[in-house]
Amino acid sequence: MSHRLRARAWTRFLAVFAASLAPLLAICAYAEAAPLPTRIVYGTGKIVPIPASIPHAEGDMVDQRIVPNLRWIAKRYPIYITDGYSGPLPNGEHVGCNGCHVKGSDHYNGLAVDIVPTDPSSTCDANWAPITRLALWAEPVQEQPRPPFRWVGYDGDAGHGCGNHLHLSWNHASAPMFQLAEWVEVLAVNPAVKPGAAPKKKKPRSAPRAPAGPPGGISQVTTGGVSARLAGD
Ligand SMILES: [Zn+2]
């Protein structure tokens, strides 16, 4: 093989090699943006204090079924939760901000959180960059949140956005105000289901659909002062 032929063969090999790599790189890029698997959790809902490992305002509580997701998010993004469940506990004590969420808000079912940076500021500065990344991950296209999110409030939504707060709601069965939903869709980040957490008999024949409804809230108030206490069954 002449020198020139060898060089040409080598060039062709490189071109073929690069071409074969392209789809592989595309798959990698897709995997990065691909939605994570989700699952439906039935029953065993309960309003519980947010664990200390997830930075939050004192006294904040949520439905325990989204706690593993909050933990997963907190490990990846520097979040601080300013409000979760908003409403009364069985003992009559009030949790969360009062009168600051819209009618039908998922905060009233413990299935929404309001998020700011761990080092918050009221202007859209560098501290908000990770929160913006989280918002774009949860809602890559405006009004098209990635499952399991039902509504994502950020830039483009009144009372939300960089420098204000990020709202995340989870898909769930319709439930009246201050009541726990029959099912909740969550990221399948913790596949180990505790005994009794998913009774087989309760599975509906068709896939559940998230309720249509108003967006999840316009909280701008930071919660505080309410003592964290387990809700009664
Ligand atoms: Zn909210």
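Note that the coordinates shown come from a computational prediction; the quantities given were computed from them, not determined experimentally.

The rules behind the values
- Residues numbered from 1 in each chain as written.
- Predicted model: local features only at pLDDT ≥ 70, side-chain atom pairs only at ≥ 80, totals over all residues.
- Heavy atoms only, no water.
- Phe/Tyr/Trp six-rings, centres within 6.5 Å; stacked < 30°, edge-to-face > 60°.
- Helix = DSSP H or I, 4+ residues; strand = E, 2+ residues; numbered from the N terminus.
- Buried < 20%, exposed > 50% of the residue type's maximum accessible area, 1.4 Å probe, protein only.

Peer 1: Mind showing me how you'd approach the packing of aromatic side chains here?
Peer 2: Both the distance between ring centres and the angle between the ring planes are used here to describe each pair of aromatic rings. With the rule as written, the count across this model stands at 4 aromatic pairs. Geometrically, the ring pair formed by Tyr108 and Phe178 is edge-to-face, given 5.6 Å between the ring centres and 80 degrees between the ring planes. With Tyr108 in the loop between β6 (94-95) and β7 (112-117) and Phe178 in the loop between β9 (166-170) and β10 (183-187), this residue pair connects regions lying 70 residues apart in the sequence. Under the relative-accessibility criterion, Tyr108 is labelled buried at 9%. Ring plane angle 65 degrees and centroid distance 5.1 Å describe the contact between Phe149 and Trp170, whose orientation is recorded as edge-to-face. In this pair, Phe149 sits in strand β8 (residues 149-153) while Trp170 sits in strand β9, placing the two residues 21 residues apart along the sequence. Overall, the relative accessible area of 2% leaves Phe149 in the buried class.

Peer 1: How should I be thinking about the environment of Met177 in this particular structure?
Peer 2: One can find Met177 in the loop between β9 and β10. By relative accessible area, Met177 is classed as partly exposed at 48%. Residues Met177 and Ser86 lie 91 residues apart in sequence; the distance between their C-alpha atoms is 9.8 Å.

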